[in-house]
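Residue-level structure breakdown
Here are the chains, one letter per residue:
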Amino acid sequence: MSKESRKFKVPDELANLYDFANSLDVRHFTHHGVQHVQSDALTDPRELAAWMSEHGLLAVGARITPAMFDAALQLRTGVRTYLECDPIERRKDKDAIRPLSNALRAFPLVVEASNDRDMALGPARSDPLAGLSAIAAELYVGSVKGTLDRLKMCAAEECRRVFFDRSKPATRRWCMSTLCGNRMKTRTYRARHRNID
Ligand SMILES: [Zn+2]
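Okay, so let's go over this structure.

Parameters and conventions
- Residues numbered from 1 in each chain as written.
- Predicted model: local features only at pLDDT ≥ 70, side-chain atom pairs only at ≥ 80, totals over all residues.
- Helix = DSSP H or I, 4+ residues; strand = E, 2+ residues; numbered from the N terminus.
- Rg over C-alpha atoms; globule rule 2.2 N^0.38 Å.
- Buried ≥ 20, exposed ≤ 12 C-beta atoms within 10 Å, placed from the backbone.
- Contact = placed C-beta atoms within 7 Å.
- Core = buried A, V, L, I, M, F, W, Y, C linked by C-beta atoms within 7 Å.
- Expected span 1.5 Å × (residues − 1).
- Axes fitted to C-alpha atoms, helices over the stretch in contact; angles between N-to-C directions.
- Parallel < 35°, antiparallel > 145°, perpendicular 65-115°, else oblique.
- Left-handed = near helix turned anticlockwise from the far one by under 90°.
- Nonpolar A, V, L, I, M, F, W, Y, C, P; charged D, E, K, R; others polar.

Topic: the overall build of the chain
Each helix and strand in the chain was counted, giving eight helices and eight strands. Compactness check: the chain gives a C-alpha radius of gyration of 18 Å against a globular reference of 16 Å for 197 residues, within 12% of the reference. Along the first, second and third principal axes, the C-alpha set of the chain runs to 65 × 35 × 30 Å. Of all 197 residues assigned to the chain, the portion counted as buried reaches 27%. For the chain, the share of sequence-separated contacts (at least 6 apart) that also reach a separation of at least 24 residues comes to 52%.

Observations regarding the nonpolar core
Ranked by size, the top nonpolar core spans 38 residues in total, and within it Leu-17, Val-79, Leu-132, Ile-135 and Cys-154 carry the most contacts. Mapped by element, the contributors of at least two residues to this core are helix H2 (15–21), helix H3 (45–54), helix H4 (66–84), helix H6 (94–104), helix H7 (133–145), strand E7 (151–153) and strand E8 (162–164). Per-element accounting of this core gives the leading share, six residues, to H4. In this view, Leu-17 contacts Val-79, Ile-135, Glu-138, Leu-139 and Gly-142; residues no more than four positions away in its chain are not counted.

A look at H7
An ideal rise of 1.5 Å per residue puts 18 Å on 13 residues; H7 measures up with 18 Å between its terminal C-alpha atoms. For H7, the full list of buried residues reads Ser-133, Ala-134, Ile-135, Ala-136, Glu-138 and Leu-139. Lining the buried residues of H7 we find H2, H4, H6, strand E5 (109–112) and strand E6 (120–123).

As for H4
Every α-helical turn comprises 3.6 residues, leaving residues that sit three or four positions apart pointing alike. With 19 residues, H4 should cover 27 Å at 1.5 Å per step; its first-to-last C-alpha distance of 27 Å lies within 8% of that length. Buried residues of H4: Met-68, Ala-72, Leu-75, Arg-76, Gly-78, Val-79, Arg-80, Tyr-82 and Leu-83, and no others.

Considering unusual backbone geometry
Look at Lys-9: it is not a glycine, yet its phi comes out positive at around 50°. Counting through the fold element by element, Lys-9 comes out in the loop between helix H1 (3–7) and H2. Even without a glycine there, the phi angle at Arg-160 is positive, about 60°. Checked against the element boundaries, Arg-160 lands in the loop between E7 and E8.

Observations concerning the environment of Gln-35
By secondary structure assignment, the location of Gln-35 is in strand E3 (residues 34–35). In contact with Gln-35, other than residues within four places in its own chain, are His-28 and Thr-30.

Quick notes on the packing of H4 against H6
The contact between H4 and H6 brings their axes to 8 Å, and the two run at 155°. Taken together, the axes of H4 and H6 are roughly antiparallel relative to one another. Of the two elements, H4 crosses H6, and the hand of that crossing is left-handed. Across from Gln-74, Leu-75, Thr-77, Gly-78, Val-79, Thr-81 and Tyr-82 in H4, the residues of H6 making contact are Ala-96, Pro-99, Leu-100, Asn-102 and Ala-103. Of the residues assigned to the contact of H4 with H6, the class counts are seven nonpolar, five polar and no charged.

Some words on the environment of Arg-173
As for its placement among the helices and strands, Arg-173 is situated in the loop between E8 and helix H8 (177–196). Judged by C-beta crowding, with 16 C-beta atoms within 10 Å, Arg-173 ranks as partly exposed. Put simply, Arg-173 and Phe-8 are 165 residues apart on the chain and 15 Å apart in space, counted from C-alpha to C-alpha.

Considering the environment of Arg-166
Structurally, the position occupied by Arg-166 is in the loop between E8 and H8. Take Arg-166: there are 12 C-beta atoms within 10 Å of it, and that puts it in the exposed class. Each C-alpha atom of the pair Arg-166 and Leu-151 lies 9.3 Å from the other, and the pair is 15 residues apart in sequence.

Below you can see the structure in the form of structure tokens.
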């Protein structure tokens, strides 16, 4: 669990998924006169290894190959494309489902029985990339529990941050209403007034 996921009270079962989706930061809005700088925490295999280590998903000394790195990026693209889609639409939108399903083939899961906890989904892979199968397991658990429907992408084009919607009706469209919501509302207001003038 990361500082960010704790700060925004993302449920534990989605914490890695949330962080993984947000490892790409495409925010480019201006806030209080300062332009947000875009960043990508996963630009090469070494960075992916560091990210996985930080999240406890990589064995010490394990090496990520370029092919593993490609599989991870495909998974992130699939996850972001899926989450960008409205939760009701996601289920039937082939363009949202296909890239994610294709990417998930590289992360097969097995049921792990244990005598000291409930059964869990673990990686079928046994190479260094196995830890990233946690993302596939979280997608599955979130989908079964219904919490995945609350994981959304901010509707503001200049934001696109993935957030967990804690509102009761689960109808939030912006990661932060005080930030992205206000910006969008101001813009709509201005556009409407321009039309009247
Ligand atoms: Zn936003």
